[in-house]
Amino acid sequence: MLHQLIDISVRTYLKCVVGFIPEGVALCTLIDWCTIADTQVIDYLSTWNTLEKKVFILAMVPQRICWMGVAKNFSPEARQAVLRKAKELVEFFVHLCKEAVQSMESHAKEPIVDPMIN
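How each quantity is defined
- Residues numbered from 1 in each chain as written.
- Predicted model: local features only at pLDDT ≥ 70, side-chain atom pairs only at ≥ 80, totals over all residues.
- Heavy atoms only, no water.
- Helix = DSSP H or I, 4+ residues; strand = E, 2+ residues; numbered from the N terminus.
- Buried < 20%, exposed > 50% of the residue type's maximum accessible area, 1.4 Å probe, protein only.
- Contact = heavy atoms within 4.5 Å.
- Areas by Shrake-Rupley, 256 points an atom, 1.4 Å probe, with all protein chains shown as cover.
- Salt bridge = Lys/Arg side-chain N within 4 Å of Asp/Glu carboxyl O.
- Core = buried A, V, L, I, M, F, W, Y, C linked by side-chain atoms within 4.5 Å.

*Asks:* Which residues make up the overall build of the chain, and what values go with them?
*Replies:* What the chain contains, in helices and strands, is six helices and zero strands. Mapped from its N terminus to its C terminus, the chain presents α and β elements in the order α-α-α-α-α-α. Out of the 118 residues in the chain, the part that is buried amounts to 31%. In the chain, 53% of the contacts between residues at least 6 apart in sequence involve partners at least 24 apart. As presented, the chain carries roughly 8200 Å² of accessible surface, and 62% of it is formed by carbon and sulfur atoms.

And the structure:
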C-alpha cells in the first residue's frame, strides 16, 4: 500500500508542477524527476530516520516483502510507524500540490510581459 501511496503522490506532484509524467518509468526515476521543479521531495525523503528508510526501501520494491516474509515480522510499533509515515507523506504531498496550484494561480493573474515589446 505504501508503494501505491508514494507512486500516486509523486505522479500527482509531477503533473502539477511539470505538467508531464513520463510513461513506463520506475518510481525511483519519477522521484528523481521531481527535482525538475525543486528538491523538496528529495530533501523530505532524506530526513527519514533509519527505520523509515528501511520501510521506504521495502515500499519501493514491494515484491521483497513477499519474498522475504518481512510483513509478518513487523512489530506493532513498526506498523504504527508505517501508518504515521503514510499520513505524514500524504500531508507533505498535499502541501506541495497546494503550493504548486497557488503558484500557477498567481502567475495566471499577472499580466504576461513580452520582452520584445517596448
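Once the structure has been displayed, the description carries forward.
*Asks:* Mind laying out the pattern of salt bridges, listing which residues take part and the relevant values?
*Replies:* Following the criterion strictly, the structure yields three salt bridges and no others. A salt bridge links Arg11 to Asp7, with the nearest nitrogen and oxygen atoms 3.1 Å apart. You can see Arg11 and its partner Asp7 sitting in helix α1 (residues 2-17), four residues apart, about one turn around the helix. Take Arg11: its relative accessible area is 26%, and that puts it in the partly exposed class. Between Glu52 and Lys85 there is a salt bridge, with the nearest N and O atoms lying 3.4 Å from each other. On the criterion of sequence distance, the pair formed by Glu52 in helix α4 (residues 50-60) and Lys85 in helix α6 (residues 76-109) is long-range, its members being 33 residues apart.

*Asks:* I'd like to hear about the nonpolar core, residue by residue, with values.
*Replies:* If you look at the biggest cluster of nonpolar residues, it comprises 25 residues, and the most contacted ones within it are Leu2, Ile6, Val10, Ile31, Val41, Leu89 and Phe93. Within the residue set of this core, elements represented by two or more residues are α1, α2 (27-33), α3 (40-46), α4 and α6. For this core, the element with the highest residue contribution is α6, accounting for seven residues. Setting aside chain neighbours within four positions, we find Phe93 in contact with Ser9, Val10, Tyr13 and Val41.

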